[in-house]
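Here is how the chains run, residue by residue.
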Amino acid sequence: MVEKHDEMGSIFSFIKGQVDKLPISQSKKNKMLDQLLKLKTMTVDAREPRIALVGRRGSGKSSLINAMFGQERQYVSSVKSGTGKGKWLWYPSDAEPKIRLLDSRGLGESEAPTEEFEAETPMDELIKAVTEEQPDVFLFLIKAKETDSRIEEDLKELNKLRKIVKENHHYDVPVICVVTQVDELDPPHYKQAPFDANPKKKQNIDEAIALMSKRFKENDIPLLNIIPTCSYIDFDESGNIEYDMRWNIDLLSDYLIEALPSEAKLKTAKAMQSQFVKKKFARTIVGTFTAIAGIIGAEPIPFADFPILTGIQGLMIVVIGFIADKEINTKTASEFIAALGINVGIGLLVREGVRAAVRFIPGAGLAVSGAVAGAVTYGIGQAAIAYFLENKDIDQAKEAYKNANKEYKNEDIDS
């Protein structure tokens, strides 16, 4: 079986080769290649994210992993400190590496963990881990009921870790603060999401957020956001979700992807169980491909840009299939476009006809042609999301294509 990255790499090499052959100036080629390089970083060069979870014992690190990825893969101890030696591990397993996680003994623990550990303190373990391997993001976890406790030492240690990463890896690690277990805040009887629907619970959640914002400012730690969450989820013996009280996990997952480097976003979106997050990132991908198609389509190079646009649209479908965790290759992508009823030959002539019809209007031909290329690409992308991610049938995908194509053209005319 051809690996997805090999498939993406082959398509990208084809596209780049076609751009190199275009009969245009080098400066225009460089403009296209710059955009393609961004695309390559996000797709062909995609790698697994490296996420460091930091927080005290009982702050819910393992529970958060379970909640975000929807699988009971991590041992959760309800009494003693569950996680032993600070270590980078593959989630869900070494045999199925999707996410690189730094799991560590909780800060501030008094009991020895139930797993084996090596270093004398949790901080020693974390320093060793982040020196060996650079984290992409820190998730700092704090229980909602402990935001008013003394956590100055924890934040000082977090700052120390950030400085060590910057010194060793020349990378300024972003931080997201996750306030966990908001279901335990008063009133205790209110145990249903959304937790901020209850006025008293919302007031206490807001106070917890305000306290953490103040603490981070006092310790001069740049913060992307503070997100209150509930990770409570139960699994049956078969590993299926039996009870689900998760709240704001989609929001956290969305912020997490935004915080990551470009090359780590795609595989994170694929690993997430949240369909909301997958679809949102897929729409971002479609926007990127559409913009590039518009730039290429706007060049006055009749017929020469056709293979490039076709390659870009094919790569876009492969990437959306990758996010959906479905086997998509160039053949499948071509079959999908054909199933949508898009006749690429007619589409080409229409675009060239547009160029010819407006050639007497200074500057207009390029813009209109680029709009047509962008509209077709945008429509195909939205159809692929409907079909591969939303599991709609081909007729519904066709409708999604038509609506998106029309929507793009209308927005372009308005602008």
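Residues numbered from 1 in each chain as written. Predicted model: local features only at pLDDT ≥ 70, side-chain atom pairs only at ≥ 80, totals over all residues. Heavy atoms only, no water.

Undergrad: Is there a simple way to think about the side chain of N198 in this case?
TA: Inspection of the secondary structure assignment puts N198 in the loop between β5 (175-180) and α6 (199-218). One polar contact links the side chain of N198 to the main-chain amide nitrogen of K201, over a distance of 2.9 Å. Here N198 is in contact with P187 and Y190, once residues within four sequence places are set aside. (Helix = DSSP H or I, 4+ residues; strand = E, 2+ residues; numbered from the N terminus. Polar contact = N/O pair within 3.5 Å; in protein donor to acceptor, adjacent residues only side chain to side chain. Contact = heavy atoms within 4.5 Å.)

Undergrad: Got a minute to help me understand the pairing of strand β2 (residues 87-93) in this structure?
TA: Every other side chain in a regular strand lies on the same face of the sheet, so the side chains alternate between the two faces. For β2 and strand β3 (residues 96-103), the ladder comprises seven bridges, and the chain directions are antiparallel. When the sheet's bridge partners are listed, P92 is paired in β3 with P97. Taken together, β2 and the strand that follows it, β3, pair antiparallel across an intervening segment of two residues. (Pairing = 2+ DSSP bridges.)

Undergrad: Hey, could you run me through the side chain of K265 in this one?
TA: Here K265 lies in helix α8 (residues 262-271). The buried charged residue K265 lacks any salt bridge, with E258 as its nearest oppositely charged partner at 4.8 Å. Those residues in contact with K265 that sit more than four places away from it in its chain are I257, E258, A259, L260 and F281. (Buried < 20%, exposed > 50% of the residue type's maximum accessible area, 1.4 Å probe, protein only. Lys, Arg positive; Asp, Glu negative; His and termini not counted. Salt bridge = Lys/Arg side-chain N within 4 Å of Asp/Glu carboxyl O.)

Undergrad: What am I meant to see in the packing of helix α3 (residues 61-69) against helix α7 (residues 249-259) here?
TA: The relative placement of two packed helices comes down to the angle between their axes together with the axis-to-axis distance. Close contact between α3 and α7 brings their axes to 10 Å; oriented N to C, the two are set at 90°. The angle between the axes of α3 and α7 places the two elements in the roughly perpendicular class. Each of L64, A67 and M68 in α3 lies in contact with α7, whose residues at this interface are I249, L252, S253 and L256. Of the residues that constitute the contact of α3 with α7, the class distribution is six nonpolar, one polar and no charged. (Axes fitted to C-alpha atoms, helices over the stretch in contact; angles between N-to-C directions. Parallel < 35°, antiparallel > 145°, perpendicular 65-115°, else oblique. Nonpolar A, V, L, I, M, F, W, Y, C, P; charged D, E, K, R; others polar.)

Undergrad: Just checking my understanding: could you explain the confidence of the model for the protein for this structure?
TA: Low pLDDT marks regions whose predicted coordinates should not be analysed in detail. Mean pLDDT for the protein: 83, with 81% of residues reaching 70 or above. Confidence scores differ between elements of the protein, with helix α12 (residues 344-357) showing the lowest mean pLDDT of 50 and strand β6 (residues 225-228) the highest of 98. Per-residue pLDDT stays below 50 along residues 74-84; that stretch engages in 41 contacts with residues further than four places along the chain or on separate chains. Scored below 50 in pLDDT, residues 110-114 makes 13 contacts in the model with residues more than four places away or belonging to other chains. (pLDDT = per-residue confidence, 0-100.)

Undergrad: Could you clarify how one ought to interpret unusual backbone geometry in this entry?
TA: Apart from glycine, the bulk of residues carry a negative phi angle, and the bulk of peptide bonds sit in the trans form. Geometrically, the link from Y91 to P92 is a cis peptide bond, its omega value of 0° lying close to zero. Here P92 is to be found in strand β2. Cis geometry is found at the peptide bond from A193 to P194, where omega equals 0°. For P194, the position within the fold is in the loop between β5 and α6. Positioned with a positive phi, H170 is a non-glycine residue whose angle comes to about 55°. Relative to the elements of secondary structure, H170 occurs in the loop between α5 (152-169) and β5.

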